[in-house]
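Examination of the molecular architecture
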Amino acid sequence: MSAINAISPEKLARLIGTPACPILVDVSTDEDFKADPHLIPGARRSDYAQAAAWASALSGHAVVAICKRGQKLSEGVAAWLRHAGVSANILEGGIEAWAKEGLPLVPASKLPDRDPQGRTVWVTRSRPKIDRISCPWLIRRFIDPSAVFLFVAASEVEAVGARFGAVPFDIENVFWSHRGELCTFDVMIEEFGLETAPLERLATMVRAADTARLDLSPEAPGLLAASLGLSRMYSDDLKQLEAGVALYDAFYRWCRDATDEAHNWPSHRAKVKP
């Protein structure tokens, strides 16, 4: 059982990847971070010494403060956050306890630079279908909840990326793209160190639907149908993305929590009288 104002690694892991996940703030010292430059999925670095200055910007949100062992730095930052009216906990045992449980950690070297507002910015082709919806979902839920996605003409993706500091994805000849039989979603899971059983199950569904290999996953035809339906429902790519995020939230929770659950209409009980 977690202490007061603390959340256990197990409980936090259940929240990450869902809309209910709190804001995760890594306040480890620069020395500790350089010794092991990884982040808990969805966390961002913040200067513990400036907590009093940035605490008010998180008003109205639930926050978890994270440091190496869950002691003085996260305790102090969480206290400052609560002083500013923020609902704040610490991660019990810190990153060390998280790693000891074998939970995923994202290598900081794979994370893009952030813009002046603290967001990662990504750019891809307009009119998304599968990979270009699933990848933004993965980024929003496990990498950067505030990430910005730009949808532009296919011929202009790389140029827009260069001009506007955006990371291109799901086009040819860029880092974040298909590799062999893997789709971009597969690549992101691998590069970001997110190889958990639920995400790998979801990745199989995405790969099957995105690469026309529907035999790889019984659920892939349903994902493909839903994805194509969304593309017909929305002419605005950003509105389609928001609807798609909800779709992938549902598929992820099925992959994580409900694969063994079946819904069977009890037709054997309903006997038609002659």
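Each remark here, short or long, concerns the structure printed above.
This report concerns the structure included in the present document. (Residues numbered from 1 in each chain as written. Predicted model: local features only at pLDDT ≥ 70, side-chain atom pairs only at ≥ 80, totals over all residues. Heavy atoms only, no water.)

A word on the overall build of the protein
Tallying secondary structure elements over the protein gives 11 helices and 10 strands in all. Taking 274 residues into account, the globule formula puts the C-alpha radius of gyration at 19 Å, and the protein, at 21 Å, falls close to it. Principal axes of the C-alpha set define a box for the protein whose edges measure 70 × 60 × 30 Å. Counting over 274 residues, the protein shows a buried share of 46%. (Helix = DSSP H or I, 4+ residues; strand = E, 2+ residues; numbered from the N terminus. Rg over C-alpha atoms; globule rule 2.2 N^0.38 Å. Buried < 20%, exposed > 50% of the residue type's maximum accessible area, 1.4 Å probe, protein only.)

A word on the packing of aromatic side chains
All told, the structure shown has 9 aromatic pairs when counted by the stated rule. Between W122 and W176, the ring centres sit 6.2 Å apart and the planes meet at 65°, which makes this aromatic pair edge-to-face. Taken together, the residues W122 in strand β8 (residues 121-125) and W176 in the loop between β10 (167-168) and α8 (184-191) connect sequence positions 54 residues apart. A single burial state applies to W122 and to W176, both of which are buried. The interplanar angle of 80° and the centroid separation of 6.2 Å between the aromatic rings of F149 and F169 together place this pair among those described as edge-to-face. (Phe/Tyr/Trp six-rings, centres within 6.5 Å; stacked < 30°, edge-to-face > 60°.)

A short note on the sheet that holds strand β2 (residues 23-26)
Taking strand neighbours across the sheet as the criterion, the 5 strands line up as β1-β6-β5-β2-β4 in an open arrangement whose pairing is parallel. In this open sheet, the two strands that pair with only one neighbour each are β1 (6-7) and β4 (44-45). Bridge count for β1 against strand β6 (residues 87-91) is 2 bridges, and the pairing is parallel. Note on β6: the bridge partner recorded for A6 is I90. This element, helix α4 (residues 72-83), spans β5 (62-66) and β6 of the sheet and lies at about 175° to β6. (Pairing = 2+ DSSP bridges. Contact = heavy atoms within 4.5 Å. Axes fitted to C-alpha atoms, helices over the stretch in contact; angles between N-to-C directions.)

What about the sheet that holds strand β9 (residues 148-152)?
One open sheet accounts for 3 strands, arranged β9-β8-β10; its pairing is parallel. Because the sheet does not close on itself, it has two edges, and the strands there are β9 and β10. Where β8 and β9 come together, 5 bridges link them in parallel fashion. Within β9, the position partnered with V121 by the bridge is V148.

Remarks on the nonpolar core
Ranked by size, the top nonpolar core spans 53 residues in total, and within it I40, W122, W137, F185 and L202 carry the most contacts. Of all the secondary-structure elements, those providing two or more residues to this core are β5, α5 (94-100), α6 (131-142), β9, α8, α9 (197-210), α10 (220-233) and α11 (237-258). Of the residues forming this core, the biggest block, 8 residues, is contributed by α11. Those residues in contact with W122 that sit more than four places away from it in its chain are P112, I139, A147, V148, F149, L150, A166, V167, F169, W176, M188 and F192. Of all hydrophobic cores here, the second largest spans 17 residues; its members include V25, A51, A65 and I90. (Core = buried A, V, L, I, M, F, W, Y, C linked by side-chain atoms within 4.5 Å.)

So, unusual backbone geometry
Even without a glycine there, the phi angle at R127 is positive, about 55°. With respect to the element layout, R127 can be found in the loop between β8 and α6. Note on R127: relative accessible area 28%, which makes it partly exposed. The phi dihedral of N173 falls on the positive side, at around 65°, and the residue is not glycine. Relative to the elements of secondary structure, N173 occurs in the loop between β10 and α8.

A closer look at the side chain of S227
Positionally, S227 belongs in helix α10. Accessibility expressed as a relative area gives 2% for S227, which makes it buried. A polar contact is formed between the side chain of S227 and the backbone oxygen of L223, at a distance of 2.7 Å. With residues near it in sequence (within four places) discarded, S227 still touches K129, I130, Q240 and Y248. (Polar contact = N/O pair within 3.5 Å; in protein donor to acceptor, adjacent residues only side chain to side chain.)

A look at the packing of α6 against α8
It is the contact of α6 with α8, at a shortest axis distance of 9 Å, that shows an interaxial angle of 20°. Taken as axis vectors, α6 and α8 run roughly parallel relative to one another. Two secondary-structure elements touch here, α6 through D131, S134, C135, W137, L138 and I139 and α8 through T184, F185, M188 and I189. Broken down by class, the residue content of the contact of α6 with α8 amounts to 7 nonpolar, 2 polar and 1 charged. (Parallel < 35°, antiparallel > 145°, perpendicular 65-115°, else oblique. Nonpolar A, V, L, I, M, F, W, Y, C, P; charged D, E, K, R; others polar.)

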